[in-house]
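Per-entry structural report
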Amino acid sequence: MGNRFADENVIRRLLAEARTWAFVGLSDNPGRTAYDQAGLLQSRGRRIIPVHPAAEPVLGEPGYASLAEVPGKVDVVAVYRRSEHAGQVIDEAIAMGAGAVWLPLGVIDEAAGRRALDAGLDVVMDRCPGVEWALRRIA
């Protein structure tokens, strides 16, 4: 995979500037990684949007059953689904006009990542937002 999907400048810019993050796969289960990462970004002043078929509120934010239902602009779509489902989510992120997609540790779909890059989205893959935040000490 190389650094094509882990560009230092892209990671830093997304963490510092992206304000609205849609978390696909985020449920109201504090034992899940998506919950921890969404909570971390929310505590850093980012707006999080839970996207999960249950469409339940999470961390005080209303939930949506799909990306297509999310109103307004989304800076980053965080894909907290298994790798085999990531491509579909990335295609939905492209269709909705998201600015970027972020796939956490262990979630890899290079073909979908290339589609996103070709569509003009920034792509971060196989990286943890919390770890990357700590490494950079983003304000």
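To be clear, the structure that these remarks concern was listed above.
Residue alternation in strand 3 (residues 76-79) divides its side chains into two sets, Val76 and Ala78 and Val77 and Val79, and both sets are buried. Here strand 1 (residues 20-24) pairs with strand 3 via 4 bridges, running parallel. Across the sheet, residue valine 24 finds its bridge partner in strand 3, namely valine 79. Relative to strand 4 (residues 100-103), strand 3 is paired through 3 bridges, and the arrangement is parallel. Following the sheet pairing, valine 77 is matched in strand 4 by valine 101. Following the chain from strand 3 across helix 3 (residues 83-96) to the adjacent parallel strand 4, one finds a crossover that is right-handed.

Core analysis: the biggest nonpolar cluster contains 24 residues, and Leu67, Val77, Val101 and Leu103 have the highest contact counts within it. Sorting elements by how many residues they give to this core places helix 3 first, with 4 residues. Look past the residues within four positions of valine 77 in its chain and what remains in contact with it is Ala22, Val24, Leu67, Val89, Ala93, Met96, Ala98, Ala100, Val101 and Trp102.

Thresholds applied
- Residues numbered from 1 in each chain as written.
- Predicted model: local features only at pLDDT ≥ 70, side-chain atom pairs only at ≥ 80, totals over all residues.
- Heavy atoms only, no water.
- Buried < 20%, exposed > 50% of the residue type's maximum accessible area, 1.4 Å probe, protein only.
- Helix = DSSP H or I, 4+ residues; strand = E, 2+ residues; numbered from the N terminus.
- Pairing = 2+ DSSP bridges.
- Right-handed = clockwise from strand over helix to strand, strands pointing away.
- Core = buried A, V, L, I, M, F, W, Y, C linked by side-chain atoms within 4.5 Å.
- Contact = heavy atoms within 4.5 Å.

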